[in-house]
Structures are given as C-alpha cells and as structure tokens.
Amino acid sequence: IAMVTDVGGINDQSFNQSAWEGIQEMKDQGLVNASYLESTSEEDYTPNLDRLADDEEVQMIWGIGYMMADAIADAAQKNPDKMYAIVDSSFTDGPENTIGVLFKAQEPSFEVGYIAGMMTETNRVGFVGGQKSATIDQFEYGYRAGVAYAAKELGKEITVDVQYANSFSDAAMGKAIAQRMYTDGADIVFHAAGNVGNGVISAAGEADKWAIGVDRDQNDIDPEHVLTSAVKRVGDAIQIVTKRVMDGEDLGGTTQEFSTADGCVGIAPTSSEDVPADILEKTAAVEELIISGEIVPPYDEATFNTYIENLNA
C-alpha cells in the first residue's frame, strides 16, 4: 500500500502523521509493504497519485484529506486495477475502486468542548479552524455544542471565539490567531487545523494558557499547555479498512464511517494529566450519552442551531 499526504506533510503531528503511524504499524507487523509521497501544495496531489499508479507493486493507495477527493476520483477512473481510499471524504457516484472513510468528529469535539466549558475561568474560549468545510464544521459545531452543554450545566454563559486560518500549513497564522484570542480573554483554544494548530499550541505556551489538540494525542508537543485532544484515530481506521480489503472483502464503492461507539474517535488518554478527575468522570458520562444516542452532537450550522434551541427549551 501507499499513501499521499495532504499539504500539512508527514510530520504535521496531527492528521497525516496519525495516518502514517497506522500504516507503519501494519508494516512493522509484516502485513504490508508501505511507502508515502508528501504533498506540499494541492498541485502535488495528481503527480503524486500518478507516480504511485505507475508502481506495479502498489495495490492500494490512500489519500489523506478531503481536499484530495477530486484527484483521487480522477486517479481511480484512470487506474481501475488499483484500489483507492480517502480519509474524510466519500463518493456518492464515484468509481467502484474507491472507498470513502469518514469519522463522526463532532463526537470527540463535543467532549473536549464540554471539558473547556467546565474548566474555563474567564468564561471565554476559542476555536481555530483550518479551511472552512463540511469536515471542519464537525469539529467547530461539535465543540461549540459541548461548551454550551457545560454552560447550561453550570448556569452561566460562555463565549466561543471562532476564526479560520484559510490554511492547514501556516503555523505562524495559527499562532497569531490564538495570540489574539488569548489577549481578548480566552483561556482555552481548540484547533482543527493541521500544522496551523502547532502555532496555536505555541501561542498557548507563550501565554501560559490551554490549547486543545486534534486528530492525535498532542500532549507530547507541550505537556504543560495541551489540556486534552479530540482524537480521530485515522491510523486505526486505515488499518481496519486495509485489513478488510486484504481479507477479500469488497469495499469498493462504499463509505465506511467510524464513531465513538467503535473506538475510532474519543478524547486523548493523557487527558487525566491535566483535567480534574471529577470533570473527567462527568465527561465519561457525557460520552456514554453520546454512544446511547441521548446526546447527538451537531455537525453543521443547521444542526447546531437546532441543538441549541432544544438545549434552551
């Protein structure tokens, strides 16, 4: 198998890195031979996919990130003998040799939003997004709903500042946005922004405030300032899908969706280092309500507005 990264690169300490770690585990177990090609801009997607298609030994090609959807669809049509899979996208009428992989990212985002709402001392928190899209909407609106849920439980109002960097790679932009949020009174900022988020975490360290990581447990970047992370276990999902294909299951033309219930999304294991035990206990109870369907975190503006109306009813 082979993988093409999104623009954040293989060492983004987030989305792409998590994907490659999952593939490396399979390689270390002797299940696959594996390689990757790195994209530094959207213009790299098609050339990278073409290079992998020319390699006769590569049977399955993974694209990491929804921005690669068009390039993956084109490559799949040109190379019907290869299997293509993409993370964070699906194809309603795509080629039969494509597999979409989606995550209910609004679920762990709700949980970290709840933690932020329970822990803010200024009643002001922030969200930094990469580029506006349906995928990042899941993080934003899930987070805002979790904050609102905590605010209602505490009987107070909590402001959520939201800003987008229009990039997944510009760490300096992420840092500048977060610095403004901290200056304006936010004491916790959640990012869903790839490498931009590394700038958010850097700003948290300088301001001695909290950041919330994304995709993988980002506590190791700055253990003193990464409160928790909304983990999307991309590597685990890649392993599950790849192994099912290797076992002969025909997943072509399907979309596989992963959620809290199957363990592919959740909050970071290191949350217990900085989140008080009583809040973690309450968060675990919230997670059970998500799994049971009693809480249905919103994933876009429309479902968020409906959620808030029902919460305040």
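(A) Local environment of the pattern of salt bridges. Here the structure, examined in full by the defined rule, presents 10 salt bridges. With its nearest N and O atoms 2.6 Å apart, the salt bridge here joins Glu206 to Lys175. Highlighted residues: Glu206 in helix α7 (residues 196-207) and Lys175 in helix α6 (residues 171-183), separated in sequence by 31 residues. Classification of Lys175 by relative accessible area gives partly exposed; the value is 22%.

(B) Geometry of the environment of Glu56. Looking at the element boundaries, Glu56 is found in the loop between α2 (45-53) and β3 (60-64). Take Glu56: its relative accessible area is 78%, and that puts it in the exposed class. In this structure the C-alpha to C-alpha distance between Glu56 and Lys82, which are 26 residues apart in sequence, comes to 9.4 Å.

(C) Here's a closer look at the packing of aromatic side chains. Going through the model one piece at a time under the given rule, you end up with 12 aromatic pairs. On the numbers, 6.2 Å between centres and 35° between planes, the contact of Phe127 with Tyr143 is tilted. Here Phe127, found in strand β6 (residues 124-129), pairs with Tyr143, found in helix α5 (residues 134-154); they are 16 residues apart in sequence, far enough to count as distant.

(D) Spatial organisation of the side chain of Ser229. Its location among the elements puts Ser229 in strand β10 (residues 226-232). On the basis of relative accessibility, which here comes to 0%, the residue Ser229 falls in the buried class. Contacts of Ser229, omitting those with residues within four sequence positions, involve Val112, Ile212, Gly213, Val214, Arg216, Asp217, Gln218, Asn219, Gly266, Ile267 and Ala268.

(E) Quick peek at the side chain of Lys232. Examined against the element boundaries, Lys232 turns out to sit in strand β10. Excluding residues within four positions of it along the chain, Lys232 makes contact with Phe15, Ser18, Asp88, Phe103, Ala105, Thr135, Phe139, Asp215, Cys264 and Val265.

(F) Spatial organisation of the packing of helix α1 (residues 15-28) against helix α8 (residues 234-246). It is at 7 Å that the axes of α1 and α8 come closest, and there the two elements cross at 45°. On the basis of the axis angle, α1 is oblique to α8. Where α1 crosses over α8, the two elements pack in a sense that is right-handed. Only Val234, Gly235, Ile238, Gln239, Thr242 and Lys243 of α8 make contact with α1, whose side of the interface consists of Phe15, Ser18, Ala19, Gly22, Ile23, Glu25 and Met26. Residues of the contact of α1 with α8, tallied by class, amount to 6 nonpolar, 5 polar and 2 charged.

(G) Region of interest: the sheet that holds strand β2 (residues 35-37). Spatial strand order, β2-β1-β3-β4-β5-β11: 6 strands in an open sheet with parallel pairing. Two strands lie at the open edges of the sheet, namely β2 and β11 (254-258), each paired on one side alone. Within the sheet, the average angular offset between the axes of one strand and its neighbour, ignoring direction, is 20°. Here α8 sits on the sheet in contact with β3, β4 (83-87), β5 (98-103) and β11, set at roughly 155° to β3.

(H) Representation of the pairing of strand β8 (residues 188-192). Taking burial as the measure, the 5 residues of β8 include 5 buried ones, the bulk of the element. In β8, alternate side chains face the same way, and those of Ile188, Phe190 and Ala192 on one face and Val189 and His191 on the other are all buried. Bridge count between β6 and β8: 5 bridges; the pairing is parallel. Residue pairing for β8: Gly129 is matched across the bridge by Ala192. Both β8 and strand β9 (residues 210-215) contribute to a ladder of 3 bridges, which runs parallel. When the bridges of β9 are listed, Val189 appears paired with Ala211. With α7 bridging β8 and the parallel β9, this β-α-β connection has right-handed handedness.

About the thresholds
Residues numbered from 1 in each chain as written. Predicted model: local features only at pLDDT ≥ 70, side-chain atom pairs only at ≥ 80, totals over all residues. Heavy atoms only, no water. Salt bridge = Lys/Arg side-chain N within 4 Å of Asp/Glu carboxyl O. Helix = DSSP H or I, 4+ residues; strand = E, 2+ residues; numbered from the N terminus. Buried < 20%, exposed > 50% of the residue type's maximum accessible area, 1.4 Å probe, protein only. Phe/Tyr/Trp six-rings, centres within 6.5 Å; stacked < 30°, edge-to-face > 60°. Contact = heavy atoms within 4.5 Å. Axes fitted to C-alpha atoms, helices over the stretch in contact; angles between N-to-C directions. Parallel < 35°, antiparallel > 145°, perpendicular 65-115°, else oblique. Left-handed = near helix turned anticlockwise from the far one by under 90°. Nonpolar A, V, L, I, M, F, W, Y, C, P; charged D, E, K, R; others polar. Pairing = 2+ DSSP bridges. Right-handed = clockwise from strand over helix to strand, strands pointing away.

Purely spatial values, then, with no claim about function.
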